[in-house]
Amino acid sequence: MPLNESDKVAHLLRRAGFAARPEEIERGVARGLHALADEMVHFERVPDNLAPPPSDQYASFDFMTLLTQWWLQAMITTTRPLQEKMVLFWHGLFATSAQGVGDVRQMYLQNELFRGNFEPDNGQVSRPSPGNPFPVGNFRQMLLYLSKDPAMGYWLDNRLNRRLNDEVGSNENYARELLELFSLGVEDVVAKIPNYTEQDVRQASRALTGWSVRPADPTRPGDYPRMFQFDAAQHDLGPYTVLGVTFRGSGEQLFDIIVRHRNPGQTQSACGRFLGYRLFTFFGYDDPEPEIINALADVFDGRNGEQRYSVRNMLKAIFTPGNLVSEAFYSERAFRAHVKSPTEVLVSAFRLLRPSGLGEGSDASLQLALRRMGQALFFPPDVSGWKEGLNWINTTFMLARYNFAHDLMLNRASETSIDVAGLVRQQNLQTPEQVVDYFGRLLLQTPLSPFMRTTLIQYLRSNTYGPFDPTHQRTIDNKIRGLIYLIMATPEFQLS
């Protein structure tokens, strides 16, 4: 059955953000889907409420706890949901681990880089940073900024890449991942033919020699913050040949070659297909059809006169009704078919239930909950990032999701507190039916199945803890908190 307007609005709010509260859905329906999509994609029109970062006086485990809490708070409270969703997307695509950056505080700067607020050429944060293309700007420029990012320079060792000989630089690690994981993929996602050769990797490493890192402020103790440094003495001026193009110089032309590369006989660029596949898999559904990938690649390539390499234009194609890609996005195949990542589970729960006390003090419990569900932010398992979709679901991870919901409802998940009695009073919920319908709609944004609704009403009516009385704390704590936990433990809550 095709989605109605309310379903489409809720779907857009969940995917382009993290959750869809009832009043947000009502507002979206009133504005219209087209206007809502435009508002979300142009999030810079809304003032950013990003909080100041944690103190960076010391590089320690405690700093990573504070940094994770800070980012979670940003995702939970942001006035720009798509901006934070894109930061999460880039963190997964350009996966960098705090374990490999030397000074963990550099992870904060990379996080600001992905938000558009860090300038690697001077090591400074400003909100926003003029010229920074993240999170939805020009992808060619993103690859350039990524290659200058000090955290990435440490993580994949390009800071050590020196001129060696006419075949290869002294360290080809970053050049390999740049082609394989960050821009092209091993093979064209539609044509299934190799995108590059081993020789391309080795020649690209030559182009990136001398792209190093140095302290931004020599007077500050330690080497934080760091900034990009072009070391001309260690740079190989070429000529080098990558993807069939011979060039020489500083190496920046490498990024033009990557985004323009087309395999023989292919209409779309390999990079456009790669990024279209990754974006639609993240926002839409797994294994998108070739025509969806090609349509997004056409937008990337600017085949219809659009600005080339624009991530924002690709997102518009996904979210704005009236084209082939958005028809797939708003299809039955996509609706409630995305398995939430642990971060999405946590953030959606907080955005829907709105507990108080978030961000107060140093609280490692949310970080621990994420890790038990399989995702430790700032610590991806390897450079290829997390395996999404059904990989989030196994007996261990599901038990951790249940435990998170249980602790959250008992106010033990963090220093936060959910005022269930206040919600019941505010909504004037008096009967078991009203309580079940309200929390079902709040948490799932769809009517409960008749069987589930009846079962949950019977649960509230049971006399285990005395008669149902929503004005009595005993009912609030023993029944209604239990009801919310049960809904959060359903398969439906695990899906977006």
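Overview of the structure. (Residues numbered from 1 in each chain as written. Predicted model: local features only at pLDDT ≥ 70, side-chain atom pairs only at ≥ 80, totals over all residues. Heavy atoms only, no water.)

## Notes on the layout of surface pockets
Within this model, the largest pocket holds a volume of roughly 1000 Å³. Of all elements in the fold, only α5 (81–93), α9 (173–183), α12 (270–283) and α13 (290–301) reach the threshold of two or more residues within the lining of the largest pocket. It is α12 that provides the largest number of residues to the lining of the largest pocket, a total of five residues. Along the lines of polarity and charge, the residues of the lining of the largest pocket split into 19 nonpolar, 11 polar and nine charged. Of the pockets and cavities examined, the second largest pocket occupies roughly 490 Å³. When contributions to the lining of the second largest pocket are tallied by element, the ones reaching two or more residues are α2 (22–31), α3 (33–41), α4 (61–77), α5 and α16 (342–353). (1 Å grid on protein atoms, 1.4 Å probe; cavity = no way out; pocket = protein on both sides within 12 Å on 5 of 7 lines; lining within 4 Å. Points joined across faces, edges and corners; volume = space filled by probe spheres on them. Helix = DSSP H or I, 4+ residues; strand = E, 2+ residues; numbered from the N terminus. Nonpolar A, V, L, I, M, F, W, Y, C, P; charged D, E, K, R; others polar.)

## Re the nonpolar core
Counting residues in each nonpolar core, the largest one holds 149 residues, and the members touching the most others are Trp90, Phe94, Phe139, Phe319, Phe404 and Phe439. When sequence neighbours within four positions are dropped, the list of residues in contact with Phe94 reads Phe114, Phe134, Phe139, Leu143, Leu146, Met152 and Phe182. (Core = buried A, V, L, I, M, F, W, Y, C linked by side-chain atoms within 4.5 Å. Buried < 20%, exposed > 50% of the residue type's maximum accessible area, 1.4 Å probe, protein only. Contact = heavy atoms within 4.5 Å.)

## Here's the deal with the environment of Gln234
As for its placement among the helices and strands, Gln234 is situated in the loop between β4 (226–230) and β5 (240–242). For Gln234, the residues in contact, after removing those within four places along its chain, are Arg162, Arg163, Thr209 and Gly210.

## Overview of the packing of aromatic side chains
Applying the stated criterion across every chain yields a total of 24 aromatic pairs. Considering the side-chain rings of Phe114 and Phe134, the 5.4 Å spacing of their centres and the 55° angle between planes classify their relative orientation as tilted. Of this pair, Phe114 sits in helix α6 (residues 106–115) while Phe134 sits in the loop between β2 (124–125) and α7 (139–148), and the two are 20 residues apart along the sequence. Residue classification places Phe114 among the buried residues on the basis of a relative accessible area of 1%. Judged by centre distance (4.9 Å) and plane angle (65°), the rings of Tyr240 and Phe247 are edge-to-face. (Phe/Tyr/Trp six-rings, centres within 6.5 Å; stacked < 30°, edge-to-face > 60°.)

## Some points on the side chain of Ser147
Residue position: Ser147 is located in helix α7. We classify Ser147 as buried; its relative accessible area is 7%. A polar contact is formed between the side chain of Ser147 and the side chain of Tyr174, at a distance of 2.7 Å. Ignoring any residue separated from it by four or fewer positions in sequence, one finds Ser147 in contact with Tyr174, Leu178, Trp211 and Phe255. (Polar contact = N/O pair within 3.5 Å; in protein donor to acceptor, adjacent residues only side chain to side chain.)

## Side note on the side chain of Asn263
Along the chain, the position of Asn263 falls in the loop between α11 (253–260) and α12. Exposure remark for Asn263: the relative accessible area of 5% places this residue in the buried category. A distance of 3.2 Å separates the side chain of Asn263 from the side chain of His261, its partner in a polar contact. In contact with Asn263, other than residues within four places in its own chain, are Asp188, Ile193, Pro194, Asn195 and Ala270.

## Regarding the pattern of salt bridges
Following the criterion strictly, the structure yields 26 salt bridges and no others. Of the charged contacts, one joins Arg105 and Asp103 as a salt bridge, the two residues approaching to 2.7 Å between their closest N and O atoms. In this structure Arg105 comes out as buried when scored by relative accessible area, which is 8%. Exposure remark for Asp103: the relative accessible area of 8% places this residue in the buried category. The partner of Asp301 in a salt bridge is Arg262, with the nearest N and O atoms 3.3 Å apart. You can see Asp301 sitting in helix α13 and its partner Arg262 sitting in the loop between α11 and α12, a full 39 residues away along the chain. Asp301 sits in the buried class, given a relative accessible area of 8%. Looking at Arg262, the relative accessible area reads 37%, which means it is partly exposed. Salt bridges here are not isolated pairs; linked through shared partners, they connect Glu84, Glu112, Arg115 and Arg127. (Salt bridge = Lys/Arg side-chain N within 4 Å of Asp/Glu carboxyl O.)

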